[in-house]
Amino acid sequence: MKKKAGTRRAREPVDLGMALVVAWKTSARVTEYLLDHLDATLWRAEPPGQKGRTAASIFAHLHNVRHMLLVQAKAAGIPPKLDRHRATALEARAALSESAAAITAILEIAARSGGRVPNSPPDAVAFFSAAVTHEAHHRGQIAMLARQLGRPLSPEAMLGMWEAGQRRKEALGEKTAPVRRISRRP
C-alpha cells in the first residue's frame with residue numbers, strides 16, 4: 001500500500017523499559033552538560049552568607065547519592081564515592097559518567113526482568129523517578145548559586161539544559177552539532 005502525502009507512518013510500540021533507560025541517560029547527560037558549562041571559578045566559591053554547599057560539594061553529592069543507590073541495588077562495578085572537599089571538576093565529571101553508566105546498567109537489567117530493581121521497592125520507575133527528581137533539584141541549586149555569585153550560566157547553557165532532544169542524542173552517542181563549551185580556567 002502506498003503512503004499518502006502528509007500521513008504519518010504507524011509507529012512501533014514503545015519498549016517502556018528501554019524508554020526509561022534512555023530517559024535516565026538523557027537526564028544524566030543534562031547533569032554533565034551543566035558541569036561542562038559551569039564557570040570554573042564557581043567550583044569552590046562559597047555560597048552567599050557562607051551557608052549551604054559549593055558547586056563542588058553538590059556535584060560530589062549527586063555522584064555519592066548515585067553510589068548509595070547502586071550499593072542498595074547490589075550493583076556490580078560501583079564507582080567509589082567522591083570527597084566533596086577535594087574533588088576537582090574533572091574528577092567529578094569522570095565519576096558522574098561512571099555512576100551514570102552503572103545506573104544505566106541497573107535500569108537495563110530491570111527492563112529485561114520485569115521492572116524490578118533489587119532492594120528498591122516498588123519498581124524501576126520509582127527508582128528512576130527518585131534519581132531524576134533528586135538531580136533536577138540540585139541542578140536548579142547550582143544554577144541559582146551561579147546567579148547569586150554573580151556568574152550566572154549563559155542563556156545558551158540555561159536553554160541547553162532544556163534541549164532534551166539534543167542531550168538525548170549526545171547521551172546515545174548520536175552525531176550532533178558541536179557543543180560550545182565555556183573554557184576551563186585552572
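Here the structure is a predicted model, which is why all the values come from computation and not from measurement.

**A few points about the packing of aromatic side chains**
Tallied over the full model, the rule gives one aromatic pair. A ring pair is formed by Trp-43 and Phe-59, whose centres lie 5.8 Å apart and whose planes are at 20°; its orientation type is stacked. Taken together, the residues span a long stretch of sequence, with Trp-43 in the loop between helix H1 (16–37) and helix H2 (55–72) and Phe-59 in helix H2 at a distance of 16 residues. Taken individually, Trp-43 and Phe-59 each receive the classification buried, so the pair is uniform in this respect.

**Structural notes on helix H3 (residues 89–112)**
Helix length check: H3, at 24 residues, gives a terminal C-alpha distance of 35 Å against a target of 34 Å (1.5 Å per residue), a fit within 8%. For H3, the set of buried residues is Ala-89, Ala-92, Ala-95, Leu-96, Ser-99, Ala-100, Ala-102, Ile-103, Thr-104, Ile-106, Leu-107 and Ala-110. Next to the buried residues of H3 lie H1, H2 and helix H4 (124–148). Just downstream of H3 lies Gly-114, where phi reads positive at about 80°.

**Describing H1**
With 22 residues, H1 should cover 32 Å at 1.5 Å per step; its first-to-last C-alpha distance of 31 Å lies within 8% of that length. Burial of H1 is extensive: 16 of the 22 residues sit out of reach of the surface. With a side-chain oxygen positioned 3.1 Å from the backbone nitrogen of Gly-17, the residue opening H1 is Asp-15.

**Some details on the nonpolar core**
Ranked by size, the top nonpolar core spans 26 residues in total, and within it Leu-35, Leu-38, Trp-43, Phe-59 and Leu-153 carry the most contacts. Looking at which element gives the most residues to this core, the answer is H2, with six residues. Among residues more than four places away in sequence, those in contact with Phe-59 are Thr-31, Leu-34, Leu-35, Leu-38, Trp-43, Ala-92, Leu-96 and Ile-142. The next biggest cluster of nonpolar side chains, apart from the first, holds 21 residues, and it includes Leu-20, Leu-107, Phe-127 and Ala-131.

**Concerning the side chain of His-37**
In this fold, His-37 is placed in helix H1. Residue classification places His-37 among the buried residues on the basis of a relative accessible area of 4%.

**Looking at the pattern of salt bridges**
Under the defined criterion, the tally for this structure stands at eight salt bridges. Taking the shortest distance from any N to any O, the salt bridge between Asp-83 and Arg-86 comes out at 3.0 Å. For Asp-83, a relative accessible area of 32% translates into the label partly exposed. Classification of Arg-86 by relative accessible area gives exposed; the value is 66%. Here the salt bridges share partners, and the residues they tie into one network are Arg-29, Glu-32, Asp-36, Arg-93, Glu-163, Arg-167 and Glu-170.

Conventions and cut-offs
- Residues numbered from 1 in each chain as written.
- Predicted model: local features only at pLDDT ≥ 70, side-chain atom pairs only at ≥ 80, totals over all residues.
- Heavy atoms only, no water.
- Phe/Tyr/Trp six-rings, centres within 6.5 Å; stacked < 30°, edge-to-face > 60°.
- Helix = DSSP H or I, 4+ residues; strand = E, 2+ residues; numbered from the N terminus.
- Buried < 20%, exposed > 50% of the residue type's maximum accessible area, 1.4 Å probe, protein only.
- Expected span 1.5 Å × (residues − 1).
- Contact = heavy atoms within 4.5 Å.
- Polar contact = N/O pair within 3.5 Å; in protein donor to acceptor, adjacent residues only side chain to side chain.
- Core = buried A, V, L, I, M, F, W, Y, C linked by side-chain atoms within 4.5 Å.
- Salt bridge = Lys/Arg side-chain N within 4 Å of Asp/Glu carboxyl O.

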